[in-house]
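# Notes for the structure review
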Amino acid sequence: MPRESSRKRSHQYNQRPARTSRRAADGQSVRLQKVLAAAGFGSRRHCEELITDGRVQIDRSVVRELGTKVDSGSQEIRVDGDVIERPTLRYYVLNKPAGVLSTNSDPDGRIKVLDLIGDSSHLFTIGRLDRSSEGLIIVTNDGDMANKIAHPSYQVNKIYTVRVAGNLQREQLAEIRKGVYLSDGKANVESIRVKKKHKQTTELEMILAEGKNREIRRVLARVGHKVLQLKRIAIGPVRLGELPEGAYRELTVSEVKALKRLTSEKTSGGSGRRVPKKKASTGNSNRKGVKKKPRKRGNKSGDGRGTAQGSTRKSSRGAARNTAKRSTSKGGSAKRKPASKRNVRKRR
């Protein structure tokens, strides 16, 4: 059994790496801020600020208009006077140890995530973890993808394992599921469940789609429980698996494609669900939200409603039969007397 699992892991990690998939904006006319984001200059919003500040040039001409399209294969693009190259997009997943910073720079010289990778050329992290937290973190130079994964409107789920002091009660779990108000707004947790209870601690699994600063720690502190250990094990389709602490690997092409599919459409109303396209109406009046048309009087009905006065309530056929008899025999009760007289003559 151990040999089989190791083979599966090696097969999974030895798939074609995503850095060879394509070059950013190769031979295409795309928006300038997208080219800058793909080159590793940050998110699209930050790249838009570079453009409006007049720090970007196209063929040695300053460009300040947002939405300008450019072909990086034939045009020269400069940022602060430096020509940008067409970078190969790179995607890494790293198992961050506790005590390592997620930031790109630190004035105190403490160890950072990019120091563990070694290749820090225009790379930045997606889904930052605080210094005390550990687990999965994505490092890339694809600014467009980084912006989408971090933005709450795309609702990319992140899964965490959490160990807290004490035992959570059902009321506290219900309060967290309902939503906890923090200083910067309401914190919504997609899911929370108890994995295991100990005498003095509880192990939880939490799923979040937002990215507020130290959100899990603050949410659990509001219900009276301190976080002792916090580890992220997944971002969307990317799983940490058995990647050793402090080690990293390149994402496979299938993982990158799955992330791009996940961030291709925004969600509506923060519900976490992507609304499918509306289908054409089939005319079925039994669907929810469609009012039924009232029945016309005189229709066949098992309870006799809508039939003539005096009809039976046993069946619609009986009601129709009685109605037909009354319509064909006018004054039916008066014609029965002569019949009774004829019977009396025959008896005599």
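All of the points below concern the structure found in this document. Owing to the predicted nature of the structure, the values given are computational and were not obtained by experimental measurement.

## Here we look at the packing of aromatic side chains
In total, this model carries one aromatic pair according to the counting rule given. The interplanar angle of 80° and the centroid separation of 5.7 Å between the aromatic rings of Tyr 92 and Tyr 248 together place this pair among those described as edge-to-face. A residue pair is termed long-range when its members are at least 10 positions apart, and Tyr 92 in strand E7 (residues 91–96) and Tyr 248 in strand E17 (residues 248–250) qualify at 156 residues. On the basis of relative accessible area, Tyr 248 is assigned to the partly exposed category, the value being 36%.

## Digging into unusual backbone geometry
Negative phi characterises most residues that are not glycine, and trans characterises most peptide bonds. Even without a glycine there, the phi angle at Asp 80 is positive, about 55°. One can find Asp 80 in the loop between strand E5 (77–79) and strand E6 (82–83). A relative accessible area of 45% means that Asp 80 is categorised as partly exposed. Positive phi outside glycine occurs at Gln 155, with the angle close to 50°. Mapped onto the elements, Gln 155 comes out in the loop between helix H5 (143–150) and strand E10 (158–165). Gln 155 sits in the buried class, given a relative accessible area of 8%.

## Side note on the sheet that holds strand E3 (residues 61–62)
As summarised here, the arrangement of the four strands in space is E3-E2-E5-E6, forming an open sheet in which the pairing is antiparallel. The open sheet has two free edges, formed respectively by E3 and E6, since each of these has just one partner strand. Across two bridges, the pairing between E5 and E6 is antiparallel. Residue Arg 78 lies in a different strand from E6, and its bridge partner there is Val 83.

Reading guide: rules and limits
- Residues numbered from 1 in each chain as written.
- Predicted model: local features only at pLDDT ≥ 70, side-chain atom pairs only at ≥ 80, totals over all residues.
- Heavy atoms only, no water.
- Phe/Tyr/Trp six-rings, centres within 6.5 Å; stacked < 30°, edge-to-face > 60°.
- Helix = DSSP H or I, 4+ residues; strand = E, 2+ residues; numbered from the N terminus.
- Buried < 20%, exposed > 50% of the residue type's maximum accessible area, 1.4 Å probe, protein only.
- Pairing = 2+ DSSP bridges.

The values are spatial; any link to function lies outside them.
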